[in-house]
Amino acid sequence: AGGAQGGAQGGAQALIREIASASLDGKEIACLDCTPLSDPGDAAADLCAVGTWTAEVALLTMPDLRLVTTSPLGGGGGGVIPRAVLLCSFEGTPHLLAGLGDGALHTFGVDPEAGALRDGKSLSLGTQPITLRTFRSKGATHVFAGSDRPTVIYGNNGKLIYSNVNLREVLHACPFNCDAFPDSLALASESDLTIGGIDDIQKLHIRTVPLGEQPRRIAHQPETRTYAALTENFDVDARAEGYFVRLFDDVTFETLCKFRLERDEQDSSIISCAFADDPRAYYVVGTGYSLPEEPEPTRGRILVFRAEDGKLQLVAEKEVKGAVYNLNAFNGKLLAGINSKVELFRWVSRGGGVGALSQG
């Protein structure tokens, strides 16, 4: 028995030998992939993709593992750790995908000859770590991105298309093909294993989020990954209307914060913008006071909010003579339509995220 075991070990050592090694300047490796970039695939790969604990992705040549290029994944060394990287081709165009631990997906175009990364983009697929796996459907390459919001990625007319899957959570996926289940997928969650197929993906998926109030305006702020909505609520018992600014998470649509306007004050407009010499993103809300004796509002406010740690912080307000029906960012300033006039405001920063709006 001892001789047979030793022979097996010797055979294994003869089959597996080290060809090359790379240290990546001592950076810890979080994930890697060496899938051939050709479509549908070759026996050997020319490039290897590596994700590191410093929130970077690197390309190395195969088989000598020579470092070609690196790119940060949204944090310049202080971002979220990648959990999966994948080299694949959509419609013959090479791509590199990197799934992060917070549900964000980074995509790059790949130049196989130069090994360069280009056209880097980022989007949020969910809130949980992403796993990536290729599969074939109707002769074309697709990628299944497993997370708390599973997504199928494919190419169409030179663009990447993302289609939600009607499953709540998928931790891992792999192609599954047999006589009973041709061209299928095996999908694993924490509690079960599902075998299924992908229908035609050219469909629009609509998700409804009950508010309990009447939405009037909405704005998105990618920098803070939030939505801000202006809503109206009628209190039957008090026989009065209330107007609010509500902050939502842009992935879960959970209400994070709710700011109530003053009595008789109605919300009219909202935008997300940044001001000159201040890179931070702000929500700006325009309002007007509606009084029964006034045919047109004579008072209003411009409110400047900062979304931080899931809360709306009012950092500035400006009283104006009328209702603010429209707001637009203009050359680092704020352009407001107030009743029948157009007025321009500039932002005067006072430090610490506090400032004031000044006309002109």
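In this report, the structure presented in the accompanying data block is examined. Here the structure is a predicted model, which is why all the values come from computation and not from measurement. (Residues numbered from 1 in each chain as written. Predicted model: local features only at pLDDT ≥ 70, side-chain atom pairs only at ≥ 80, totals over all residues. Heavy atoms only, no water.)

### Focus on the overall build of the protein
Along the backbone of the protein there are one helix and 27 strands. For the protein, the proportion of contacts with a sequence separation of at least 24, taken over those separated by at least 6, is 41%. (Helix = DSSP H or I, 4+ residues; strand = E, 2+ residues; numbered from the N terminus. Contact = heavy atoms within 4.5 Å.)

### Points about the pairing of strand β2 (residues 47-52)
Counting buried positions along β2 gives six out of six residues, so the element sits mostly inside the fold. A two-sided burial pattern is seen for β2, the buried positions comprising L47, A49 and G51 on one face and C48, V50 and T52 on the other. As judged from the four bridges shared by strand β1 (residues 29-33) and β2, these two strands associate in the antiparallel manner. The partner of I29 across the bridge, within β2, is T52. (Buried < 20%, exposed > 50% of the residue type's maximum accessible area, 1.4 Å probe, protein only. Pairing = 2+ DSSP bridges.)

### Concerning the pairing of strand β16 (residues 214-221)
Looking along a regular strand, one sees side chains alternate from face to face of the sheet. By the bridge criterion, seven bridges tie β16 to strand β17 (residues 226-235) in an arrangement that is antiparallel. Each bridged residue has a counterpart across the sheet, and for H220 the counterpart in β17 is Y227. Between β16 and β17, which pair antiparallel in sequence order, lie four residues; one of them, R225, sits at a positive phi of approximately 55 degrees.

### Some points on the side chain of T287
Residue position: T287 is located in strand β21 (residues 278-289). Overall, the relative accessible area of 0% leaves T287 in the buried class.

### Description of the packing of aromatic side chains
The final tally for this structure, using the stated rule, is five aromatic pairs. With a centroid separation of 5.7 Å and 10 degrees between ring planes, the pair formed by Y227 and F253 is classed as stacked. Here Y227 is found in strand β17, whereas its partner F253 is found in the loop between β18 (240-249) and β19 (255-260), with 26 residues between them in sequence. Residue classification places Y227 among the partly exposed residues on the basis of a relative accessible area of 22%. What makes F253 partly exposed here is its relative accessible area of 26%. For the ring pair F275 and Y282, a centre distance of 5.8 Å and an interplane angle of 45 degrees mean the geometry is tilted. The exposure classification of F275 matches that of Y282, with both residues buried. Members of the aromatic cluster, joined through ring pairs, are F275, Y282 and W347. Over the ring of F244 we find K258, and its NZ or CZ is 4.3 Å from the ring centre. Here R299 stacks its cationic end above the ring of Y289, 4.1 Å away from the centre of that ring. (Phe/Tyr/Trp six-rings, centres within 6.5 Å; stacked < 30°, edge-to-face > 60°. Lys NZ or Arg CZ within 6 Å of the ring centre and 35° of its normal.)

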